[in-house]
Amino acid sequence: MELVGSQTFPVHTIDTDIQMTDYDLIRACLSGNTGLFSGIITRYKRLVYSTIFNMVGDSPDTNDLFQEVFLRAYKSLRTYNPDYRFATWLMKITVNICLDRIRQNKEQSTGEDVEEFADERLNPEDHCIAVERQQRLRKAVAALPEQYRVPLVLFHQEGLSYEAMVEITGEPLTIIKNRLYRARLMLRDRLNPEKENAS
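## Re the packing of aromatic side chains
- Using the criterion set out here, one finds nine aromatic pairs in the structure.
- For the pair Phe37 and Phe70, a centre-to-centre distance of 6.5 Å together with 80° between the ring planes defines the contact as edge-to-face. With Phe37 in helix 3 (residues 37-56) and Phe70 in helix 4 (residues 62-75), this residue pair connects regions lying 33 residues apart in the sequence.
- Considering the side-chain rings of Tyr49 and Phe66, the 6.2 Å spacing of their centres and the 65° angle between planes classify their relative orientation as edge-to-face. Of this pair, Tyr49 sits in helix 3 while Phe66 sits in helix 4; the two residues are 17 residues apart in sequence, bridging distant segments of the chain.
- An aromatic cluster is present here, built from Phe37, Tyr49, Phe66, Phe70 and Tyr74 joined pairwise through their rings.

## Topic: the packing of helix 5 (residues 86-104) against helix 8 (residues 162-169)
- In contact at an axis separation of 9 Å, helix 5 and helix 8 are set at 50° when each is read in the N-to-C sense. By the angle class used here, helix 5 and helix 8 are oblique. Relative to helix 8, the crossing made by helix 5 is right-handed. Residues Thr88, Met91, Lys92 and Val95 of helix 5 form the contact with helix 8, whose participating residues are Ala164, Glu167 and Ile168.
- Considering only residue class, the contact of helix 5 with helix 8 consists of four nonpolar, one polar and two charged.

## What about the nonpolar core?
- In terms of nonpolar packing, the biggest core is built from 48 residues, with Phe37 and Phe86 touching the most fellow members.
- Among the secondary structure elements, those contributing two or more residues to this core are helix 2 (22-30), helix 3, helix 4, helix 5, helix 6 (124-143), helix 7 (146-157), helix 8 and helix 9 (173-191).
- It is helix 5 that contributes the most residues to this core, eleven residues altogether.

## Here's the deal with helix 7
- Along helix 7, the residues that are buried comprise Tyr148, Arg149, Val150, Pro151, Leu152, Val153 and Leu154.
- Phi turns positive, to about 70°, at Gly159, one or two residues after helix 7.

## Some details on the pattern of salt bridges
- By the definition in use, this model includes six salt bridges.
- Arg72 is paired through a salt bridge with Glu68; the nearest N and O atoms lie 3.2 Å apart. Of this pair, Arg72 and Glu68 both sit in helix 4, four residues apart, which is roughly one turn of the helix.
- Here Glu68 falls in the partly exposed class, since its relative accessible area comes to 29%.

Parameters at a glance
- Residues numbered from 1 in each chain as written.
- Predicted model: local features only at pLDDT ≥ 70, side-chain atom pairs only at ≥ 80, totals over all residues.
- Heavy atoms only, no water.
- Phe/Tyr/Trp six-rings, centres within 6.5 Å; stacked < 30°, edge-to-face > 60°.
- Helix = DSSP H or I, 4+ residues; strand = E, 2+ residues; numbered from the N terminus.
- Axes fitted to C-alpha atoms, helices over the stretch in contact; angles between N-to-C directions.
- Parallel < 35°, antiparallel > 145°, perpendicular 65-115°, else oblique.
- Left-handed = near helix turned anticlockwise from the far one by under 90°.
- Contact = heavy atoms within 4.5 Å.
- Nonpolar A, V, L, I, M, F, W, Y, C, P; charged D, E, K, R; others polar.
- Core = buried A, V, L, I, M, F, W, Y, C linked by side-chain atoms within 4.5 Å.
- Buried < 20%, exposed > 50% of the residue type's maximum accessible area, 1.4 Å probe, protein only.
- Salt bridge = Lys/Arg side-chain N within 4 Å of Asp/Glu carboxyl O.

Now the structure itself:
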């Protein structure tokens, strides 16, 4: 069973939900076969979780946000426009929910306790350096103002196209490119403070 909020969806293990398109699954759900929504969860859970993690860090809210995204998507299925990719529509919901939570919890964790996975190819000293570098990067990204953090996460960490980012954020392409450029500069300055001190 897939559990989202108070809604439970039986998991279909047959091949039909793998072969069905996103829109086929959505139409089936809207026709009363709500169990097939578990196919949507299965397809997009990694993308949603990754986006939430990159937006809010290793927060205690991560699992709640994950549940909230799919619950809101389920309740809003009738508003989905099949002219657009379902993944983009779902990402828009994910980003909006994350931004709402960030605004509610201004003093939330910025990733100090992020769990790191050891790379067996690194010796202990190199591993510690890599972990420290990763933590500094996550802190620096989390510290960016949200209008700069969002395009940075969507483009570099989620690999979305500019077109998808326009659809998700509702901002013109020129604004997104400008904010992405400024976000990179701000991130570089935060990660290389010695350059500021030298100047």
